[in-house]
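# Report on the structure
So the chains spell out like this:
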Amino acid sequence: LCMPATTDFWVNDANCQPLFLVTAEANDSLLSMLDNEIIPHMKKLAGQRRVTLIFDREGWSPKFFAKWYQDGIDVITYRKGKYDSWLEENFIETGSVISGRAVTYRLGERSVRIGKNFWMREVRRLCDSGHQTSVMTTRQDLAAEQIASRMFSRWSQENFFRYMRHEYGLDHLLTYDAEQADESHMVPSPEYKNKSKQIAKLKTEL
């Protein structure tokens with residue numbers, strides 16, 4: 001019998017240190033987890049303070065961005081979908097410090113209407129190759145280089161998990177211990193499945 005697998009959603013703080021962990025049935029809906037699990041828990045921790053969430057394109061949703069903004073949640077994320085390139089003259093060279101290391105970006109920014117009536121701030125980085133990386137945010141108080149460095153600092157988290165998988169087998173089974181099954185959890189019945197096939201076959205013959 002195939003049972004549901006689980007997916008762990010790790011939330012780290014601004015220094016890339018673990019903040020809390022949410023375990024759910026295996027799914028690829030980051031947006032749903034953000035709205036239903038992560039944000040409510042973060043609001044409990046933050047109280048009345050505004051919170052800024054930084055995540056990848058999988059959480060892209062202008063509809064939810066507008067909703068979260070009204071609820072005191074700001075976002076920083078990559079822009080999803082195709083977009084036209086900006087002229088090179090729209091970018092200026094700026095400096096920032098990431099993890100104690102000085103970095104230089106060529107950045108440009110402007111306000112962009114996303115959806116019907118929701119405006120966001122777009123900060124773009126021009127790479128040496130000519131590629132433009134678009135970062136979208138509802139934060140208006142941070143300098144462009146701060147927006148860029150916070151978005152790109154996500155790599156610290158991703159590199160941590162990559163290292164843990166390679167060096168410590170993070171995805172491997174850690175124990176053979178058994179635990180009591182959840183009796184209220186609904187699972188497919190093999191017998192029901194077999195009977196359903198028999199009924200479908202009889203209906204076809206009939």
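Notes on the structure follow. These figures come from a predicted structure and were not determined experimentally.

Now for the packing of helix H1 (residues 30–46) against helix H2 (residues 62–70). Remark: H1 packs on H2, axes separated minimally by 11 Å, with the N-to-C direction vectors making an angle of 15 degrees. If you check the angle between H1 and H2, you find them roughly parallel. The element H1 and its partner H2 pack so that their crossing is left-handed. Between H1 and H2, the contacting residues are Leu31, Leu34, Asp35 and Ile39 on the first element and Phe64, Lys67 and Trp68 on the second. Grouping the constituent residues of the contact of H1 with H2 by class yields five nonpolar, no polar and two charged.

The next thing to look at is the side chain of Arg121. Structurally, the position occupied by Arg121 is in strand E7 (residues 118–126). Of note is the side chain of Arg121, whose polar atom sits 2.8 Å from the side chain of Glu109. Arg121 has contacts with Glu109, Arg110, Val135, Met136, Thr137, Arg139, Gln140, Asp141, Leu142, Ala143, Ala144 and Ile147, leaving out every residue within four places of it along the chain.

Time to look at the sheet that holds E7. Read from one edge of the open sheet, six strands run E3-E4-E8-E7-E6-E5, paired in mixed fashion. Edge positions in the sheet fall to strand E3 (51–55) and strand E5 (92–98), since each of these pairs with one other strand and no more. The average undirected angle you get between the axes of adjacent strands in this sheet is 30 degrees. By the bridge criterion, five bridges tie E3 to strand E4 (residues 73–78) in an arrangement that is parallel. Each residue of the ladder has a partner; that of Ile54, found in E4, is Ile76. Most of the contacts of H1 go to E3, to which it runs at about 150 degrees, and overall it touches E3 and E4. Running over the sheet, H2 touches E3, E4, strand E6 (101–114) and E7 and is turned about 150 degrees from E4.

Definitions and cut-offs
- Residues numbered from 1 in each chain as written.
- Predicted model: local features only at pLDDT ≥ 70, side-chain atom pairs only at ≥ 80, totals over all residues.
- Heavy atoms only, no water.
- Axes fitted to C-alpha atoms, helices over the stretch in contact; angles between N-to-C directions.
- Helix = DSSP H or I, 4+ residues; strand = E, 2+ residues; numbered from the N terminus.
- Parallel < 35°, antiparallel > 145°, perpendicular 65-115°, else oblique.
- Left-handed = near helix turned anticlockwise from the far one by under 90°.
- Contact = heavy atoms within 4.5 Å.
- Nonpolar A, V, L, I, M, F, W, Y, C, P; charged D, E, K, R; others polar.
- Polar contact = N/O pair within 3.5 Å; in protein donor to acceptor, adjacent residues only side chain to side chain.
- Pairing = 2+ DSSP bridges.

Structural measurements only, silent on function.
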